[in-house]
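Close look at the chain arrangement
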Amino acid sequence: MAVENMKRILVEAQKGHYAVGAFNIVDYNSMRAVVSAAEETSAPVIVQTSVKTVKFWGAEAIVAWLNQIAKESPVSVALHLDHCKEVDFCRKCIDAGWSSVMIDASSLPFEENLAATKRVVEMAEAVAVSVEAEMGEIGGVEEDIVVADEDAHLADPKKVLAFCREVELACFAPAIGTAHGVYKGEPKLDFERLETIAKQTGVPIALHGGTGLADDVFRKGISLGCAKINISTQIKYAFIDGFVDYHNENKVYEPLKPLGAQLERIKKEVKEKIELFGSAGKA
Ligand code: 13P
């Protein structure tokens, strides 16, 4: 299949009361692992890239890998740009072939966040690409974006509603108490806020900071309207540990062997998440 628009995938998820995993890949092997996991569970999937990953490999290379992988795949795959602060970089990825982008202008005042989001939606709509936006500030570390605990704040449901009335989004990411990276203590999610926002806007909700959340937290979030769940740090750990553990156990200098172990480790963990999110069998 060709790489798909994320909106259709999330509308189906919203209707079916399940969530689609958005897994941050870092190279061809991790991309292949994520798509293979989706194939083995017959699930739709979102291959997500940070801006840093795009800058490392180049946009054209990433699109070429996924076009080749997705062409041979029977499942729906979207290519989504995660947390992009710059409108021009969103444009670059849209032009290169991303089927979805996140403009994250959440650190700006309401009007400026809305204006930047509108500009991206306008350029994306013209070529059937979908858009995610954020409000409030999600704490923690996501690649080069660092939000200190004291700066993190939750999304105001009234402002989110006003925002979502102004722009047509594939999904919306309100800060509801999760954080990027490894949790220091037990995260406290504001489920009431999530429920209010999901009901009032009717827009599929993106849950950020998926690494380290308990299974019940995912289930509750999905029951209240989360249709896209982001997992990044867990993939980074599986990527490094899958390779290093193989090497430590076998001490052979044949790169394809630890790369194979890395692929299997990522695939296993992605499959577990797909099952948990309820998207298995929904491709
Ligand atoms: P984690 O790194 O905590 O899994 O968060 C991923 C995320 O939300 C990416 O935007």
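Refer to the structure above for everything that follows.
Here the structure is a predicted model, which is why all the values come from computation and not from measurement. (Residues numbered from 1 in each chain as written. Predicted model: local features only at pLDDT ≥ 70, side-chain atom pairs only at ≥ 80, totals over all residues. Heavy atoms only, no water.)

1. Details of the nonpolar core
Core analysis: the biggest nonpolar cluster contains 79 residues, and Val47, Leu81, Trp98, Leu169 and Phe172 have the highest contact counts within it. Element by element, the count of residues in this core is highest for helix H4 (residues 59-71), at seven residues. Not counting residues within four places of it along the chain, the set of residues in contact with Leu81 comprises Thr49, Ser50, Val51, Val54, Phe89, Cys90, Cys93, Trp98, Ser100, Val101 and Met102. Counting 15 residues, the second-largest nonpolar core is a separate cluster that includes Ala13, Met102, Ala206 and Ala227. (Core = buried A, V, L, I, M, F, W, Y, C linked by side-chain atoms within 4.5 Å. Buried < 20%, exposed > 50% of the residue type's maximum accessible area, 1.4 Å probe, protein only. Helix = DSSP H or I, 4+ residues; strand = E, 2+ residues; numbered from the N terminus. Contact = heavy atoms within 4.5 Å.)

2. Observations regarding the site of the ligand
Neighbouring the ligand are 14 residues; Asp82, Gly209, Thr211, Ser232 and Thr233 lie closest to it. His208 has a polar side-chain atom sitting 3.1 Å from an oxygen atom of the ligand. Between Asn230 and the ligand, the recorded distance is 3.1 Å, taken from a side-chain N or O atom to an oxygen atom. Protein chains shield 100% of the accessible area of the ligand, which is 310 Å² for the free molecule. Elements that contribute at least two residues to the shell around the ligand include exactly strand E3 (77-84), strand E9 (179-180) and strand E11 (226-231). Each residue belonging to the shell around the ligand can be placed in one class, and the counts come to two nonpolar, 10 polar and two charged. (Near = heavy atom within 4 Å. Polar contact = N/O pair within 3.5 Å; in protein donor to acceptor, adjacent residues only side chain to side chain. Areas by Shrake-Rupley, 256 points an atom, 1.4 Å probe, with all protein chains shown as cover. Nonpolar A, V, L, I, M, F, W, Y, C, P; charged D, E, K, R; others polar.)

3. Digging into a nonpolar patch on the surface
A cluster of nonpolar side chains, namely Ile240, Phe243 and Val244, defines an oily patch on the protein surface of about 230 Å² accessible area. Locating Ile240 in the fold gives a position in helix H10 (residues 233-250). (Patch = residues over 30% accessible without salt bridge, like charges linked within 9 Å, V, L, I, M, F, W, Y side chains within 5 Å. Salt bridge = Lys/Arg side-chain N within 4 Å of Asp/Glu carboxyl O.)

4. Examining the state of the cysteines
Following the criterion strictly, the structure yields zero disulfides and no others. Here Cys93 stays free of any disulfide, with the sulfur of Cys84 as its closest cysteine sulfur at 6.5 Å. The thiol of Cys164 is not disulfide-bonded; the next cysteine sulfur, from Cys171, is found 9.9 Å away. Since its relative accessible area comes to 13%, Cys164 is described here as buried. (Disulfide = S-S within 2.5 Å.)

5. Let's talk about the sheet that holds strand E7 (residues 145-147)
Pairing is mixed across the open sheet formed by three strands, whose spatial order is E7-E6-E9. Looking at the sheet topology across the chains shown, the edges are occupied by E7 and E9. Two elements, strand E6 (residues 139-142) and E7, share three bridges in a ladder whose sense is antiparallel. Residue Val141 lies in a different strand from E7, and its bridge partner there is Val146. (Pairing = 2+ DSSP bridges.)

6. Here we look at the packing of helix H2 (residues 28-41) against helix H11 (residues 256-277)
Contact geometry of H2 with H11 gives a least axis separation of 8 Å together with a crossing angle of 45°. Classed by the angle they form, the pair H2 and H11 counts as oblique. Crossing geometry of H2 relative to H11 is assigned as right-handed. Contact with H2, carried on its side by Asn29, Ser30, Arg32, Ala33, Val34, Ser36, Ala37, Ala38, Glu40 and Thr41, involves Leu259, Gln262, Leu263, Ile266, Lys267, Val270, Lys271, Ile274 and Glu275 of H11 and no other residues of that element. (Axes fitted to C-alpha atoms, helices over the stretch in contact; angles between N-to-C directions. Parallel < 35°, antiparallel > 145°, perpendicular 65-115°, else oblique. Left-handed = near helix turned anticlockwise from the far one by under 90°.)

7. Here we look at the pairing of E3
Along E3, eight of the eight residues are buried, which leaves the element largely enclosed by surrounding structure. As paired strands, strand E2 (residues 45-49) and E3 are joined by five bridges and run parallel to one another. Opposite Ile46, over in E3, you have Ala78 as the bridge partner. Alignment of E3 against strand E4 (residues 100-103), held across three bridges, turns out to be parallel. For Cys84, the partnering residue across the bridge sits in E4 and is Ile103.

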